[in-house]
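# Descriptive analysis of the structure
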Amino acid sequence: MSMMEELEIGGGDQTQLRADLESKAMIITGHQDAHGRAVIWIRLRYIDSQRSSSRDVASLFATVLLHALRDSSVRRHGIVVLCDASRSSMQNLTPATINAILRKVMPNLPVRLGVVFVINPPWILSHVMLPISFTFLSLEFKRRHIFIYGAKELWAAQLVDFDMPITSVPTELGGTACVDENAFVESVCLFTNIAATCPRQKSSMMHIPQRDPTHIAMGVPQHEIEEPGEVPGASFRAALLGVDTSGIVMDDHNELSIDVGSVEEANRTTQLEALLVEQGVMKRWQTFKAGSVYTELPLWCLRARAHIVERAAELLPRVMSMMEEL
């Protein structure tokens, strides 16, 4: 069973997902770090394990990440996570929830994880739960987690040392970034087809026609916004990525050794196209491309596989096959 089917992303009763979204435990802030990576803000104290199961929290996290991946900048640069663990306890983050996120969600979504800042975590989380959960994960993944301690007034100053501008840190964490949480919740509700059951929030960001609130918050110019178009069945899964991401596992070491948009990347893209011709896949890709809005899929696969041409060529047919099954 695929991750999206197991977590019922885009299907089933979404009442719980709506409630979890409205808790505002996980938010795309609309800001970026110094490397252009989108900031995901998590407040653990807003997660109630008595109300939301580990599967529910994993579904929420996957939905937020999938919504973020609609933006080409996120697909290119990736994300960083501000995980506010202050005033949290084991009732907020259970071992089952940690495992669901680390083993079901993260390995099956094509997103580049930059850094996870765990802010002021309780001792049980930083010294017991996370170390146990990290036991079988790569050293590189563990190194992406940075713990921030001390008084709240010092959090933003510490984050600046790790390329997180104070202007991108929410005011609640001591920064100066304003986050329209209501607009984010509404944008996800609209896109996941639960707008009818999700109360509409008033936000000036919604008065601009034909622009998604997330894009507006991120300052994405109108001409760079990718229109999803009409999708048969209005399936969230198909509309979002056009692909069931089951089986697409990202590399543990995801740092780009080649700059995005560089001459070297263009050369690798040319090499990939030549390999696709040699393997007899190019004709299939051209046919697929003619009927799809995802015209840069080979480049996406190339970046997802750390610019290793052979691995990107192996990934592309799998992605197309899963898209065609929808």
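See above for the structure.
Let me begin by describing the structure that accompanies this report. (Residues numbered from 1 in each chain as written. Predicted model: local features only at pLDDT ≥ 70, side-chain atom pairs only at ≥ 80, totals over all residues. Heavy atoms only, no water.)

### Considerations on the overall build of the protein chain
We apply this condition: Under the scheme used here, helices are H or I runs from DSSP no shorter than 4 residues and strands are E runs no shorter than 2 residues, and both carry numbers assigned from the N terminus. Only protein chains enter the area calculation, which uses a 1.4 Å probe; residues under 20% of their type maximum are buried, those over 50% are exposed, and those in between are partly exposed. Only the protein chains shown count as cover for residues, and all accessible areas are computed by the Shrake-Rupley method using a 1.4 Å probe.
Looking only at helices and strands, one finds 15 helices and 5 strands in the protein chain. Scored against the burial criterion, the 326 residues of the protein chain give a buried share of 52%. Counting every atom, the protein chain has about 14,900 Å² of accessible surface; 53% of that belongs to carbon and sulfur.

### Thoughts on the environment of A151
Position of A151 among the secondary structure elements: in the loop between β5 (145-148) and α8 (152-160). Judged by relative accessible area, A151 falls into the partly exposed class, the value being 38%. Sequence spacing of A151 and N120 is 31 residues, and the spatial spacing of their C-alpha atoms is 8.6 Å.

### Thoughts on the pattern of salt bridges
We apply this condition: Here, a salt bridge means any Lys or Arg side-chain nitrogen found within 4 Å of an Asp or Glu carboxyl oxygen.
On inspection of all chains with the given rule, the structure shows 9 salt bridges. As a salt-bridge pair, E140 and R144 come within 3.7 Å of each other at their nearest N and O atoms. Between R268 and E264 there is a salt bridge; the shortest N-O distance is 3.0 Å. Taken as a pair, R268 and E264 lie in helix α12 (residues 263-278) at a separation of 4 residues, close to a single helical turn. You can call R268 partly exposed: its relative accessible area is 24%. When salt bridges with common partners are traced through the structure, they connect R43, R45, D84, E172 and E181 into a single cluster.

### With respect to the packing of helix α3 (residues 54-68) against helix α5 (residues 95-105)
Which entries qualify depends on this criterion: A fitted line through C-alpha atoms represents every axis, and for helices the fit uses only the stretch in contact; the resulting angles, taken between N-to-C directions, go from 0 to 180 degrees. Roughly parallel covers angles under 35 degrees, roughly antiparallel covers those over 145, roughly perpendicular covers 65 to 115, and oblique covers all other angles. Left-handed is the label given to a crossing in which the near helix is rotated counterclockwise from the far helix by less than a right angle, and right-handed is the label when the rotation is clockwise. By definition, residues are in contact when any of their heavy atoms lie within 4.5 Å. Gly is put with the polar residues, along with every residue not named as nonpolar or charged; the nonpolar set is Ala, Val, Leu, Ile, Met, Phe, Trp, Tyr, Cys and Pro, and the charged set is Asp, Glu, Lys and Arg.
Where α3 contacts α5, the axes come no closer than 8 Å and their chain directions differ by 40°. Viewed along their axes, α3 and α5 adopt a mutual orientation that is oblique. Remark: the crossing between α3 and α5 carries right-handed chirality. For the pair formed by α3 and α5, the contact residues are S54, V57, A58, F61, A62 and L65 on the first element and A96, T97, A100, I101 and V105 on the second. Of the residues assigned to the contact of α3 with α5, the class counts are 9 nonpolar, 2 polar and no charged.

### Quick notes on unusual backbone geometry
Look at K24: it is not a glycine, yet its phi comes out positive at around 60°. Along the chain, K24 turns up in the loop between α2 (15-22) and β1 (26-32). One non-glycine residue with positive phi stands out, namely D163, at about 65°. Take D163: it is sitting in the loop between α8 and α9 (181-191). A relative accessible area of 36% means that D163 is categorised as partly exposed.

### A look at the nonpolar core
Cut-off, in case you're wondering: To qualify as a nonpolar core, a set must consist of buried Ala, Val, Leu, Ile, Met, Phe, Trp, Tyr and Cys residues joined through side-chain atoms within 4.5 Å.
The biggest cluster of nonpolar side chains holds 63 residues, and the ones touching the most others in it are I79 and L82. With near-sequence residues (within four places) excluded, I79 lies in contact with R37, A38, I40, L65, V74, V111, R112, L113, G114 and V115. V281, M282, V309 and M320 belong to the second largest nonpolar core, which has 19 residues in total.

### Let's talk about the packing of α5 against helix α6 (residues 123-133)
α6 packs onto α5 with a crossing angle of 45° between their chain directions and a minimal axis gap of 10 Å. As far as their axial angle goes, α6 and α5 are oblique. The two elements α5 and α6 meet at a crossing, and its hand is right-handed. Between α5 and α6, the residues in contact are P95, I98, N99, L102 and R103 and L125, M129, L130 and S133, respectively. Tallied by class, residues from the contact of α5 with α6 come to 6 nonpolar, 2 polar and 1 charged.

### Points about the side chain of R37
Here is the rule: Polar contacts, as used here, are pairs of N or O atoms within 3.5 Å; protein pairs need one atom able to donate a hydrogen and one able to accept it. Residues neighboring in sequence count only if both atoms are side-chain atoms.
Mapped onto the elements of the fold, R37 is located in the loop between β1 and β2 (38-43). Within the local environment of R37, its side chain forms a polar contact with the side chain of D33, the two groups lying 2.8 Å apart.

### Concerning α2
Think of an α-helix as 3.6 residues a turn; residues three or four steps apart then line up on the same face. Here is the rule we go by: As used here, the arc is the angular range of directions from the helix axis to the C-beta atoms.
Buried residues of α2: L17, D20 and L21, and no others. Down the axis of α2, the sector holding all buried residues measures 100°, keeping them to one side. K24 lies just past α2 and shows a positive phi near 60°.

### Observations regarding the sheet that holds β1
For the record, the criterion: Two strands form a pair only when DSSP identifies at least two bridges running between them.
What the 5 strands build is an open sheet, ordered β1-β2-β3-β4-β5; its pairing is mixed. Each having just a single partner strand, β1 and β5 make up the two edges of the open sheet. Within this sheet the neighbouring strands show an average axis-to-axis angle of 20°, counted without direction. Bridge analysis of β1 against β2 gives 4 bridges, and the strand direction is antiparallel. Bridge pairing in β2 places M26 opposite I42. On top of the sheet, α3 reaches β1, β2 and β3 (79-84); it is set at about 25° to β1, its chief contact.

### Thoughts on the pairing of strand β4 (residues 113-119)
Short version of the rule: Look down the strands so they point away from you; if going from the first strand over the helix to the second traces a clockwise path, that crossover is right-handed.
The buried fraction of β4 is high, at 7 of 7 residues. Handedness of the crossover is the feature at issue here: the chain leaves β3, passes through α5, returns alongside β4, and the resulting connection is right-handed. For β4 and β5, the ladder comprises 4 bridges, and the chain directions are parallel. Note on β5: the bridge partner recorded for V116 is H145.

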